[in-house]
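Notes for the structure review
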Amino acid sequence: MAIIHQNSQQKRLFINRWLVIPCHLPLALWLLITNLPAIAYQSNSPTSSAEAVVQYSSNPSALLQQGKEHYQAGQFFEAATLWQQAATAYASSGASITYAQALNYLSLAQQELGQWEQAQVAIAESLTILQSVEKLDSKGILLLAQALNTQGSLQLAQGQTKTALETWEQAEATYARAKDETGKVISQINQAQAWQFLGQYRRARNLLEQLVTDLENQPDTLLKADGLRSLGIALQVAGDLLQSKKLLEQSWAISKEFNSPSDTSPTLLSIGNVARDLERYDVAWKYYQEAAKLAPDGITQVQAQLNQLSLLVRFKKWEKALSLIPTIESNLSKLPPSRLAIYARVNLAESMIKLKNSEKEAIQLSYTSITSKIASKIYPKITSKITSKITPKIANILAIAIQEARQIQDARSEAYSLNQLAKLYQQNQQWEDAKNLTEQALQIAQTINAGDIIALAATQLGQILKQQGDIPGAIAAYETAYNNLQSLRSDLVAINPDVQFKFQESIEPIYRDLVSLLLTPSQAGIKKGAVSQSNLKKAREVIEALQLAELDNYFRDACVDTEPIVIDEIDVEAAVIYPIILSDRIEVILSVPNQPLTHYTSLLPEDKVKAILRQVYSSMSPGYPSNERLRLSEQIYDWLIRPAEAELANSNIKTLVFVPDGFLRNLPMAALYDGKQYLVENYSIAISPGLQLFPQRLQRVELNVLVAGLTEARQGYTGLPGVALEVQEITDKVTTDVLLNQEFTRTTFQTAIDSTPFPIVHLATHGQFSSNPKETFLLTWNDRIGIKDFDLLFQKRRLGILEPIELLVMSACQTAAGDNRATLGLAGFALRSGAHSTLGSLWSVSDESTTYLMKEFYQSLIQTKPSMTKAEALQQAQLKLRQDPLYEHPYFWASFVLVGNWL
């Protein structure tokens, strides 16, 4: 819906959600103007750019000050103009230190304007001057620290993250020389941001936690209040909402103590945002209300009111929303042109678009009881009235935003406003106008290298071109969006998706829409009904990228390394099946060694597909009618396997590797039914999050197993008496070290993992896989091991200090009931441990059948036949259970899945 940027030096990300306009200053400039009062504009006729220049002072010191005021107000072009004049004046007078200061400021403004080359020249010259002085005084040292901070922000914006980190470390040391504690804090916050972008999330978190301690030990001042607010926002960005709330409340208390509304109001706004992220909407409303009441300037008041409006729209309180809009419009009219004011207009327009759409939906629902013939006459008339009443007002708001962006020469704001206006035309089905505006927005965004807006505009252009029937053009547009998402990968996960954007609403559809277009048949030059090999390969790449993006989103980081692998190089007897659920169909891409890619389609709406998949999952319960279970399982077989039967047979395929999508991850592929047999009776089966994440196969060595588990009830979980027999069965077959009950703690497990190179780690304990990492865990005697703890527990193996784990077995865990993305937790444990393969269960199975299966699995794994793969060992164990009358139902044997390397 809008652009979120908690720190304007941070790359900005787009989302389809409410806007949180920044209520604090960019960290680099915050140090320069922190003691300046905010400027409140009340005039209904803001001074134009031309008129404002006449009022500028010829005194370079005054020019610096005026530039700060314009920068703080979001008028970056004005600020750059003033600072350029100041720099020229200082250069002429030979005042080298203040010349360097002006160049530093100038670089900041040029960065905001997307003038990257000019910004680089300005900051490089500033640093050259400051670093050439043999002995800087305290003011010079402070200016050098500020310039280093500015250089770091530029380096980060240009993708030079490691260099930015080093520069901010230098800035921190320089602030320490200047005895500026606040500057040190800001540099360290910037470093934490860089560590996040590098995927070092634990280091980032540790640094932020140390900052909390350091700040809390300082005496209460308004500078401390500002520092706490900046750190609170940084922690919100990192996803630590409770700690963020704590720091923001401390900042609020200090600013209240010093009776400083200019500090209190933005802090209250930030607390409201955190409350909203915690889904405490009533609390968020009260904070927004108080922030608006205390706002020392128009923009902070508007920000609070806009967030109130978004809440009203979210909960469909239309009358209150409509009554608030005129107040916001009035307050907006009093603001001078600035980036914040422009973003506020775009935000208002977006809320009004949502309001318009919600009203139309409500009216449509109210006519569902009327006969279709009558409704078809009444509904269009009413919705037409809504559109004709609200749409011109929205268009006018956005036109003013575009005009103001051009007035202050802010290309980023102009691109964003144009794209939003194009969205309005798109919704009104004015396709050509929507296309022209979107293309303008895209061109501007590409000129200033604004990757987030490029992705946003390119996606919108793809939607429009698809609607117009230009499929090749739509594919090209979506590929532009996709490529930008790939380049923004670390940025997208440097912030908590629950806080900043809804992955499934904003990012995931781009991948799915592109796959849908790529697999649309009958394009120019292609045989009717066929899809080109280049499109199939690209679609497969995008499907794998979606899998990776979902894991990034799940982990809240982008530290999963990837390396594309060709199936022919892994296993010539394995085929890879890529099913993907699209809005109107299921597409399947089949990859068979030494053969071209093929694909097949089942036309069925997404909601029906998901309903059937849930039925299949439910049918695995022993109490479900067998004939209905088999019918449902055969339907999935028809979608995924039957069209490929001949090719699989002709290629002598023995193993099927599924890269499942959505709720398909929760289904036991082994239990798919062809009308006569289950799939596992013909193939060994494995699951993969994508061949980009395929770990290298280790040479099979003598099996040595670390077994850890619980038989007794602990922490509210029932006992697992069958675990004792399970452990005994494993011990009888292979060399084992056992940690049972009291012996199984985090500490003893860590010691065992670090001391002996076990190829297999077998965990027979309660655990849960969930779409929420905080609810994904394994139980020890006195603790829980979370998914993010696994990277520490297995760190030596992941780093190559010890041999990686060949196989991780989790025999008593289960996926969270009703959780569509729960199996990401299973894949997550596999990736966090660095294990080449992971064997886990989709649901909780009886102790007895689990023990039986594990006994047979290890028996197959250790037999002398060297070509027996782990997938085949699992297949043999499942078939053994199926042959036993007590366990022939799929409930007992189908839940176990092998994730990762199947060899």
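Residues numbered from 1 in each chain as written. Predicted model: local features only at pLDDT ≥ 70, side-chain atom pairs only at ≥ 80, totals over all residues. Heavy atoms only, no water.

Turning to the overall build of the chain, a few remarks are in order. Each helix and strand counted, the chain has 38 helices and 17 strands in total. Of all 903 residues assigned to the chain, the portion counted as buried reaches 60%. Nonlocal contacts in the chain, meaning residues at least 24 apart in sequence, comprise 70% of its contacts between residues at least 6 apart. As presented, the chain carries roughly 35,200 Å² of accessible surface, and 49% of it is formed by carbon and sulfur atoms. (Helix = DSSP H or I, 4+ residues; strand = E, 2+ residues; numbered from the N terminus. Buried < 20%, exposed > 50% of the residue type's maximum accessible area, 1.4 Å probe, protein only. Contact = heavy atoms within 4.5 Å. Areas by Shrake-Rupley, 256 points an atom, 1.4 Å probe, with all protein chains shown as cover.)

Turning next to helix α21 (residues 451-467). Three or four residues apart is the spacing at which side chains of an α-helix point the same way, because the helix has 3.6 residues per turn. Its 17 residues place the ends of α21 24 Å apart at the C-alpha level, agreeing with the 24 Å of an ideal helix rising 1.5 Å per residue. A large share of α21 lies buried, amounting to 14 of its 17 residues. Taken from the residues just after α21, Gly469 is the one with a positive phi, measuring 85°. (Expected span 1.5 Å × (residues − 1).)

A separate point is the pairing of strand β14 (residues 807-810). In β14, alternate side chains face the same way, and those of Leu807 and Val809 on one face and Leu808 and Met810 on the other are all buried. Pairing between strand β10 (residues 760-764) and β14: 4 bridges, direction parallel. Looking at β14, one finds that His762 is bridged to Val809. Inspection of the sheet shows β14 paired to strand β16 (residues 837-841) by 3 bridges, in the parallel sense. Looking at β16, one finds that Val809 is bridged to Leu839. (Pairing = 2+ DSSP bridges.)

Right, let's talk about the pattern of salt bridges for a bit. In this structure the tally under the stated criterion is 27 salt bridges. A salt bridge links Arg229 to Asp263, with the nearest nitrogen and oxygen atoms 3.9 Å apart. With a gap of 34 residues between them, Arg229 in helix α11 (residues 222-238) and Asp263 in helix α13 (residues 261-277) connect regions that are remote in the sequence. With relative accessibility at 6%, the residue Arg229 sits in the buried group. For Arg512, the salt bridge is made with Glu508, and the minimal N-O distance between the two is 2.7 Å. In this pair, Arg512 and Glu508 are both assigned in helix α26 (residues 508-518), 4 residues apart and thus about one turn of the helix distant. (Salt bridge = Lys/Arg side-chain N within 4 Å of Asp/Glu carboxyl O.)

Tallied over the full model, the rule gives 18 aromatic pairs. Taken together, Tyr617, Phe663, Trp843, Tyr852, Tyr887, Tyr891 and Phe892 form an aromatic cluster joined through their ring pairs. Of note, Arg714 hangs over the ring of Trp781, and the distance from its end group to the ring centre comes to 3.7 Å. Positioned above the aromatic ring of Phe777 is the side chain of Arg784, whose terminal nitrogen or guanidinium carbon lies 4.1 Å from the ring centre. (Phe/Tyr/Trp six-rings, centres within 6.5 Å; stacked < 30°, edge-to-face > 60°. Lys NZ or Arg CZ within 6 Å of the ring centre and 35° of its normal.)

A separate point is the environment of Leu802. With respect to the helices, strands and loops of the structure, Leu802 is situated in the loop between α34 (795-798) and β14. Sequence spacing of Leu802 and Ser755 is 47 residues, and the spatial spacing of their C-alpha atoms is 9.0 Å.

In this section: α13. Across its 17 residues, α13 extends 24 Å between first and last C-alpha, which sits within 8% of the 24 Å expected from 1.5 Å per residue. The buried fraction of α13 is high, at 15 of 17 residues. One or two steps after α13, the chain reaches Glu279, where phi turns positive at roughly 65°.

This part is about the packing of helix α7 (residues 138-157) against helix α8 (residues 161-177). Between α7 and α8, the shortest axis-to-axis distance is 8 Å and the interhelical angle comes to 165°. Taken together, the axis directions place α7 and α8 in an arrangement best described as roughly antiparallel. Judged by the sense of rotation from one axis to the other, the crossing of α7 with α8 is left-handed. For the pair α7 and α8, contact is made by Ile141, Leu142, Leu144, Ala145, Gln146, Leu148, Asn149, Gln151, Gly152, Ser153, Gln155 and Leu156 and by Thr161, Thr163, Ala164, Thr167, Trp168, Gln170, Ala171, Thr174, Tyr175 and Arg177, respectively. Its residues placed into classes, the contact of α7 with α8 shows 10 nonpolar, 11 polar and 1 charged. (Axes fitted to C-alpha atoms, helices over the stretch in contact; angles between N-to-C directions. Parallel < 35°, antiparallel > 145°, perpendicular 65-115°, else oblique. Left-handed = near helix turned anticlockwise from the far one by under 90°. Nonpolar A, V, L, I, M, F, W, Y, C, P; charged D, E, K, R; others polar.)

So, on to the packing of helix α19 (residues 411-427) against helix α20 (residues 431-447). Viewed as axis vectors pointing N to C, α19 and α20 meet at an angle of 160°, and their least axial separation amounts to 8 Å. What the angle tells us is that α19 and α20 run roughly antiparallel. When the axes of α19 and α20 are compared, the crossing they make is left-handed. Contacts from Ala411, Glu414, Ala415, Leu418, Asn419, Leu421, Ala422, Tyr425 and Gln426 of α19 reach α20 at Trp431, Asp433, Ala434, Leu437, Thr438, Gln440, Ala441, Ile444 and Ala445. Here the contact of α19 with α20 is built from residues that sort into 12 nonpolar, 4 polar and 2 charged.

Formed by 195 residues in total, the largest nonpolar core has its most connected members in Leu640, Ile641, Leu648, Leu656, Phe658, Phe749 and Leu763. The element best represented in this core is helix α17 (residues 339-366), accounting for 11 residues. Filtering out sequence-adjacent residues up to four positions away, Leu640 remains in contact with Ile577, Pro579, Val588, Tyr600, Phe658, Leu664, Met669 and Leu672. Counting residues in each nonpolar core, the second largest holds 34 residues, with Ala79, Leu127, Leu136 and Ala171 among its members. (Core = buried A, V, L, I, M, F, W, Y, C linked by side-chain atoms within 4.5 Å.)

Before going further, it helps to spend a moment on the pairing of β16. For β16, a buried count of 5 out of 5 residues is recorded, marking the element as mostly surrounded by other parts of the structure. Of the two faces of β16, both are covered, the one formed by Ser837, Leu839 and Ser841 as well as the one formed by Thr838 and Gly840. Sheet topology places β16 next to strand β17 (residues 896-900); 5 bridges connect them, and they run antiparallel. Bridging across to β17, Ser841 finds its partner in Phe896.

Relative to the helices and strands, His889 resides in the loop between α37 (870-883) and α38 (890-893). Through-space distance from the C-alpha of His889 to that of Ala671 is 9.6 Å; in sequence the pair is 218 residues apart. For His889, the contacting residues outside a window of four places in its chain are Ser619, Met620, Ser621, Pro622 and Arg629. A distance of 3.0 Å separates the side chain of His889 from the backbone nitrogen of Tyr891, its partner in a polar contact. (Polar contact = N/O pair within 3.5 Å; in protein donor to acceptor, adjacent residues only side chain to side chain.)

The subject of this paragraph is the side chain of Glu508. On the basis of relative accessible area, Glu508 is assigned to the buried category, the value being 9%. Here Arg512 takes part through its side chain, which lies 2.7 Å from a polar atom of the side chain of Glu508.

Let us look at unusual backbone geometry. Despite not being glycine, Gln429 shows a phi value in the positive range, around 60°. Tracing the backbone shows Gln429 in the loop between α19 and α20. Overall, the relative accessible area of 57% leaves Gln429 in the exposed class. A positive phi angle, near 65°, is found at Asn594, a position not held by glycine. Mapped onto the secondary structure, Asn594 falls in the loop between β4 (585-591) and β5 (598-603).

Here we come to the confidence of the model for the chain. Looking at the chain, pLDDT values average 83 and 82% of them are 70 or higher. Here strand β2 (residues 13-15) stands out as the least confident element of the chain, with mean pLDDT 23; helix α29 (residues 626-640) is the most confident, with 97. A low-confidence stretch, residues 364-370 stays under pLDDT 50, and its non-local contacts, those more than four residues away or across chains, total 5 contacts. (pLDDT = per-residue confidence, 0-100.)

The next point concerns the environment of Lys179. Tracing the backbone through its elements, the reader meets Lys179 in the loop between α8 and α9 (181-197). As a C-alpha pair, Lys179 and Leu142 span 37 residues in sequence and 8.8 Å in three-dimensional space.

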